[in-house]
Amino acid sequence: MSFPKDFLWGGSISAAQAEGAWNEGGKSPVQIDYGDAGSTKDMRWIHYRKADGTRGKLRQFEHLPEGASYELFDDVHYINHEAVDFYHTYKEDIALFAEMGMTSFNTTVSWARIYPHGIEGGVNREGVEFYRNVFQELRKYHIEPVITLYKYDEPVYFDQKYGGWTNRKMIDEFVAFATTCFTEYKGLVNKWLTFNEVNVLYMWVNMPGMESEAQARLQEVHNQMVAAAKSVKIAHEIDPDMKVGCMIAGCCIYPLTPDPKDVMASYAMFQEQFCYCADTMLRGAYPSFAKRLWKKLGVRLDIPEEDRKDLMAGKSDFLAFSYYSSNCVTTHSDKGFAESTGNLSRGVKNPYIGASAWGWQIDPIGFKYFMHVINDRYNVPLFNVENGLGACDVIAEDGKIHDEYRIDYHRQHIKAMKEAVEEGVDLRGYTVWGFLDLVSFTTGQIEKRYGMIYVDMDDKGQGTQKRMKKDSFYYIQKVYRSNGEDLD
């Protein structure tokens, strides 16, 4: 058997992308509650009212201009308000997860359900009990919760009161939230992740026109990593057996050519996009190349000595990561190479591999390569918490969804993962992203589907929310029940 008997097979969603019930159960709004649905060619917009009374819109991660406030407008469909209604259907959905053979489940605890208005507003008991019920339902089916505390969904209350994560007061707010979760769910959840893809704030700086935000974004990343470290230490005090990992967006980056300059450029990008956060959270201190990065970006961070002590005292127990695609880097910008895309990652197209309809390059060998690299660099347990393919699924004339493309994507990636484990990579679990259709984070689409379970809902909010098993459901069921041995 290639995989250990206790290897965790599961799926991932997030509260903001699946739950809906945006203003129910005592929950306060989060930024994407003011977001529309984008398209295959454009990211979504967040809507607000300017100080002068006119309308405005911004991208996710951007902050409100001074004097502005988030607002709902009658001519915009806010797709996350209902999402795929997991808040009301979690019992039926979890029964389907168990049928699919899942032994683990990753989702987020919405900060806005637990502390709708921060420490000042107190704990929302209705929110606490909702997640307790979800975790108890999972345990009933012997599914282990692997729970993320934060996925870009803090209450907008914090944006309006503190101006977001550049304010160090957010550290104490997060630690209070984490402490409540660790305490309330002790015995139900013993595997936690602090910040989902914490490195995306740096990746955002690499987006066209965003270079001027480097100072603010890297200060936000610093404050989040300090908050994570302090939370890890508290978790171990509450329960020494509790494991708390960091979660980093995977970025497999190749040099496009054998030009040594391309090789150095690709390694520098890997350092900056992945290792900058992973090194700090797993080794307890900023890596040596951080100074090079700060100098390049013109950044001067506020790092008190107490922060350095906290980072060292609260090193993450394991490394969770996402992996969807790979990218190439070249210094030969004058050659007219085609660009590739992928979430917030940008690069040059690799001529040896294909891509999805959204331009994300499909590279299972890169998955294996990437796992070897991070396994050797960090020497800690690994957990692949997101891997999946977004596609426009169609219900066929026979009433079924024949998503062979998704089956092929997962077959190739699980085979590569199996080879990596056989070759010594210390991987403890694999959770496919969006095994239940949900709202895509960057584009705000439901019609960009990742799931093995189809949800009857479109980008305009039309549909019955009925669940339907795709062909990929049965394929993943076979893989999971065979502990990764039956892949054909």
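None of the values given here were measured: they were computed from a predicted structure. (Residues numbered from 1 in each chain as written. Predicted model: local features only at pLDDT ≥ 70, side-chain atom pairs only at ≥ 80, totals over all residues. Heavy atoms only, no water.)

Asker: Any chance you could explain the overall build of the chain here in plain terms?
Answerer: Across its full length, the chain holds 15 helices and 17 strands. A compact globule built from 488 residues would reach a C-alpha radius of gyration of about 23 Å, and the chain, at 21 Å, matches this within 12%. The C-alpha extent of the chain, read off along each of the three principal axes, is 55 × 55 × 50 Å. Taking all 488 residues of the chain together, the buried fraction comes to 62%. When contacts within the chain are restricted to residue pairs at least 6 apart in sequence, those whose partners lie at least 24 apart make up 73%. If the 55 positive side-chain charges of the chain are averaged to one point and the 69 negative ones to another, these points end up 3 Å apart. (Helix = DSSP H or I, 4+ residues; strand = E, 2+ residues; numbered from the N terminus. Rg over C-alpha atoms; globule rule 2.2 N^0.38 Å. Buried < 20%, exposed > 50% of the residue type's maximum accessible area, 1.4 Å probe, protein only. Contact = heavy atoms within 4.5 Å. Lys, Arg positive; Asp, Glu negative; His and termini not counted. Charge placed at Lys NZ, Arg CZ, Asp CG, Glu CD.)

Asker: Explain the pairing of strand β7 (residues 191-195) to me, please; I cannot follow it from the model alone.
Answerer: Within a regular beta strand, the side chains point alternately toward one face of the sheet and then the other, so they alternate between its two faces. In terms of burial, β7 is a largely internal element, four of the five residues being buried. Summarising the sheet, strand β6 (residues 144-150) and β7 pair through four bridges and their orientation is parallel. Considered in β7, the bridge of Tyr150 is made with Phe195. Pairing of β7 with strand β8 (residues 243-249), which is carried by three bridges, proceeds in the parallel orientation. If you follow Trp192 over to β8, its bridge partner there is Val244. (Pairing = 2+ DSSP bridges.)

Asker: Hey, could you run me through empty space enclosed by the protein in this one?
Answerer: To locate leftover empty space, one rolls a probe as large as a water molecule over the atoms. Summed over the entire model, instances satisfying the criterion amount to six cavities of 30 Å³ or more. What lines the largest cavity is a set of 25 residues, and nearest its centre among them are Gln31, Phe61, Tyr150, Tyr152 and Glu154. Looking at the lining of the largest cavity, the elements with two or more residues in it are α6 (156-162), α8 (200-205) and α9 (214-238). Looking at the lining of the largest cavity, its residues break down into 13 nonpolar, six polar and six charged. (1 Å grid on protein atoms, 1.4 Å probe; cavity = no way out; pocket = protein on both sides within 12 Å on 5 of 7 lines; lining within 4 Å. Points joined across faces, edges and corners; volume = space filled by probe spheres on them. Nonpolar A, V, L, I, M, F, W, Y, C, P; charged D, E, K, R; others polar.)

Asker: How should I be thinking about the packing of aromatic side chains in this particular structure?
Answerer: For any pair of aromatic rings, the description rests on two quantities: the centre-to-centre distance and the angle between the ring planes. All told, the structure shown has 47 aromatic pairs when counted by the stated rule. A ring pair is formed by Phe130 and Tyr131, whose centres lie 4.9 Å apart and whose planes are at 70°; its orientation type is edge-to-face. Grouping residues by exposure puts Phe130 and Tyr131 together as buried. Members of the aromatic cluster, each reached through a chain of ring pairs, are Phe61, Trp111, Tyr150, Tyr152, Tyr157, Phe158, Tyr162, Trp165, Phe174, Phe177, Phe195 and Phe441. Lying across the ring of Phe73, Arg55 places its NZ or CZ 4.0 Å from the centre. In this structure, Arg59 is placed above the aromatic ring of Trp45, and the distance from its NZ or CZ to the ring centre is 3.5 Å. (Phe/Tyr/Trp six-rings, centres within 6.5 Å; stacked < 30°, edge-to-face > 60°. Lys NZ or Arg CZ within 6 Å of the ring centre and 35° of its normal.)

Asker: Which parts of the structure should I look at to understand the layout of surface pockets?
Answerer: Quantified by volume, the second largest pocket comes out at close to 310 Å³. What lines the second largest pocket is a set of 14 residues, among which Leu8, Lys191, Pro381, Phe383 and Arg428 lie closest to the centre. Elements that contribute at least two residues to the lining of the second largest pocket include exactly β14 (382-386) and β15 (427-433). Residues of the lining of the second largest pocket, tallied by class, amount to eight nonpolar, no polar and six charged.

Asker: Please clarify how the pairing of β15 should be interpreted in this entry.
Answerer: Of all seven residues making up β15, six are buried, and the element is well covered by its neighbours. Two elements, strand β1 (residues 8-12) and β15, share five bridges in a ladder whose sense is parallel. Paired with Gly10 across the bridge in β15 is Thr431. Bridge count for β14 against β15 is two bridges, and the pairing is parallel. Looking at β15, one finds that Leu382 is bridged to Leu427. Read as a crossover between parallel neighbours, the route from β14 over helix α14 (residues 404-422) to β15 is right-handed. (Right-handed = clockwise from strand over helix to strand, strands pointing away.)

Asker: Can you walk me through the pattern of salt bridges in this structure?
Answerer: Pairing between side chains of opposite charge can happen when their charged atoms approach one another. Per the counting criterion, the structure on display carries 36 salt bridges. The salt bridge involving Glu423 is made with Lys368; its shortest N-O contact spans 3.0 Å. Within this pair, whereas Glu423 is found in the loop between α14 and β15, its partner Lys368 is found in helix α13 (residues 364-378), the two being separated by 55 residues in sequence. Several salt bridges converge on common partners, so that one network encompasses Asp393, Asp403, Arg406, Asp437, Arg449 and Lys470. (Salt bridge = Lys/Arg side-chain N within 4 Å of Asp/Glu carboxyl O.)

Asker: What is the right way to read unusual backbone geometry from this model?
Answerer: Glycine aside, residues mostly have negative phi angles, and peptide bonds mostly take the trans form. A positive phi angle, close to 65°, is found at Asp85, a residue other than glycine. Considering the arrangement of structural elements, one finds Asp85 in the loop between β4 (69-70) and α2 (86-99). With a phi close to 40°, Glu197 is a non-glycine residue in the positive phi region. With respect to the element layout, Glu197 can be found in the loop between β7 and α8.

Asker: For this particular structure, what's the right way to read helix α11 (residues 290-297)?
Answerer: It helps to recall that an α-helix has 3.6 residues per turn; residues three or four apart then point in one direction. Along α11, the residues classified as buried are Ala290, Leu293 and Trp294. Around the axis of α11, the buried residues are gathered within 95° of arc, so they sit on the same side. Those residues of α11 that are exposed and angled more than 90 degrees off the buried face are Lys291, Lys295 and Lys296. As for α11, its buried residues are in contact with α8, α9 and α10 (260-283). Looking one or two residues beyond α11, the residue adopting positive phi is Gly298, at roughly 70°. (Arc of directions from axis to C-beta.)

Asker: What should I look at first to understand the nonpolar core in this one?
Answerer: Generally speaking, soluble globular proteins have nonpolar side chains that are buried together. Of all hydrophobic cores here, the largest spans 143 residues; its most connected members are Trp192, Phe274 and Tyr276. The element that contributes the greatest number of residues to this core is α9, accounting for ten residues. Once residues lying within four places of it in the same chain are set aside, the contact partners of Phe274 are Asn199, Ile248, Ala249, Gly250, Cys251, Met269, Leu319, Phe370, Ile374 and Tyr378. (Core = buried A, V, L, I, M, F, W, Y, C linked by side-chain atoms within 4.5 Å.)

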